Amino acid sequence: MAKPLVAISMGDPSGIGPEVIAGALARPAVRRAVRPLVFGDDGAYARACKALDLPDRLARIDPGDVVPAAGALVRISRLRAADRKAGKPSPAGGEAQGNYLEAAIEAVRSGAAAAICTAPISKAAIHGAGWNFPGHTELLAERFGVGRVVMMLAGPVLRVVLATTHVALSEVPKRITPEGIAEVLRITDRSLRERLGIRLPKIAVCALNPHAGEGGLFGDEEARIIAPGIELARASGVRAEGPFPADGLFPRAARGGWDAVLAMYHDQGLVPLKTVHLETAVNVTLGLPIVRTSPDHGVAYDIAGKGRADPTSMAEALLMAARMVAAGR
């Protein structure tokens, strides 16, 4: 089967994005699995290869050029050295990372690329350049006209999806509804079947409160919101179970008890996921008409340009994209 062409947005050129891309593309398993089409900056990528002491073999092309068989870097920006300095974000770099992302989105939307893999952006820098979205996920949903998408963090064993994402903890009880929980479960079920090839996925659902509310003693969201949401999903054929107290659920899930876990809020799901899969976790956006993956870390300005960035999560994100494309064919 032909290797899929994966559009890779470089992210913040002053962060570790260029380095984790270069490091991931140096791995034989990644080279065997994907044809990379990196949308970014020539100088930032060359600097990354030098920091990692890697040969810079990625061809350079301009937008609209024919993509070589081995892939290429598309020169979306030609930043001055001061605007792509490692660890020092700049307004020009903020605008550039937005342009990288838009170019990668267009590549998958047009069908030129089979999937998109996004390196970390600086939300502050990209907001300053006029992209007013909380993050990649929300921008992708808007660009593809999708009303609801689901964030999944996936490792070799655990897969965690979130009912709410980047909201204050005090807002979580106000944001969850039976219909919303059912929709997340349906999207997750469909994606596990169609994108990951799991024929009959089983999904466990976390309670919101300690001890699942202890019969209402510590809160009633389990009986009032979460359990009805599970029942709505089950009525449409989703094999969902719960709500279970999170402290007991995750140890069982980490031993392979379910195909995915639905957590009610960000840290409830991501703390156990990262404890088990710190280097290998991948961020996957479910519910889009295309495959989108990302490494599970940020721009890490403190280590940018020092050759210390670990490319494992980016490599896993590229491999996950290839697997998801293959499963969906």
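Coordinates for the structure precede this section.
Residue positions are given per chain, counting from 1 as you read along its sequence in written order. Two thresholds apply to this predicted model, a pLDDT of at least 70 for residue-level local features and 80 or more for giving and counting side-chain atom pairs, whereas whole-chain, interface and lining totals are computed over all residues. Where side-chain values are given, they derive from all heavy atoms of the structure, hydrogens and water being excluded.

### Focus: the overall build of the chain
Now for step 1: Helix and strand definitions here come from DSSP, where helices need a minimum of 4 consecutive H or I residues and strands a minimum of 2 consecutive E residues; each element is numbered from the N-terminal end. A count of helical and extended segments in the chain gives 12 helices and 12 strands.
Now for step 2: Overall, the C-alpha framework of the chain stretches about 60 × 40 × 35 Å when taken along its three principal axes.
Now for step 3: Three exposure classes are used, based on accessible area relative to the maximum for each residue type with a 1.4 Å probe and protein chains only: buried under 20%, partly exposed in between, and exposed over 50%. Of all 329 residues assigned to the chain, the portion counted as buried reaches 53%.
Now for step 4: Summarising the internal contacts of the chain: among those between residues at least 6 apart in sequence, 74% fall at separations of at least 24.
Now for step 5: Surface accessibility of the chain: about 13,800 Å² in total, with carbon and sulfur atoms responsible for 52%.
Now for step 6: This count recognises Lys and Arg as positive and Asp and Glu as negative, with His and chain-terminal groups excluded. Lysine's charge is taken at NZ, arginine's at CZ, aspartate's at CG and glutamate's at CD. Here the chain carries 39 positive and 33 negative side-chain charges, and the mean point of each set is 6 Å from the other. What makes two residues a contact is simply this: any of their non-hydrogen atoms within 4.5 Å. Only the protein chains shown count as cover for residues, and all accessible areas are computed by the Shrake-Rupley method using a 1.4 Å probe.

### Section: the packing of helix H8 (residues 178-194) against helix H9 (residues 221-235)
Now for step 1: In contact at an axis separation of 7 Å, H8 and H9 are set at 45° when each is read in the N-to-C sense. In terms of their interaxial angle, H8 and H9 are classed as oblique. Between H8 and H9 lies a crossing of right-handed hand. In this structure, H8 uses Pro178, Glu179, Ile181, Ala182, Leu185 and Arg186 to contact H9, whose residues at the interface are Arg224, Ile225, Ile226, Pro228, Gly229, Ile230, Leu232 and Ala233.
Now for step 2: Charged residues are taken to be Asp, Glu, Lys and Arg, nonpolar residues to be Ala, Val, Leu, Ile, Met, Phe, Trp, Tyr, Cys and Pro, and polar residues to be all remaining types, Gly included. A per-class count over the contact of H8 with H9 returns 10 nonpolar, 1 polar and 3 charged. Axis lines are fitted to C-alpha atoms, over the contacting stretch for helices. Their N-to-C directions set the angle, which ranges from 0 to 180 degrees. In this scheme, roughly parallel covers angles under 35 degrees and roughly antiparallel covers those over 145, while 65 to 115 is roughly perpendicular and the rest are oblique. It is the rotation of the near helix from the far one that decides the hand of a crossing: anticlockwise by less than a right angle makes it left-handed, clockwise makes it right-handed.

### Notes on helix H1 (residues 17-25)
Now for step 1: Among the 9 residues in H1, 9 count as buried, and that is most of the element.
Now for step 2: Of all the residues in H1, the buried ones are Gly17, Pro18, Glu19, Val20, Ile21, Ala22, Gly23, Ala24 and Leu25.
Now for step 3: Looking at the buried positions of H1, the neighbouring elements they touch are strand E1 (5-9), helix H2 (28-33), strand E2 (35-41), helix H3 (42-52) and helix H12 (312-327).

### Some words on H12
Now for step 1: Every helix has an expected span of 1.5 Å times one less than the residues it contains. An ideal rise of 1.5 Å per residue puts 22 Å on 16 residues; H12 measures up with 22 Å between its terminal C-alpha atoms.
Now for step 2: Burial analysis of H12 places 12 of its 16 residues in the buried class, which makes it a mostly covered element.
Now for step 3: Those residues of H12 not exposed but buried are Thr312, Ser313, Met314, Ala315, Ala317, Leu318, Leu319, Met320, Ala321, Ala322, Met324 and Val325.

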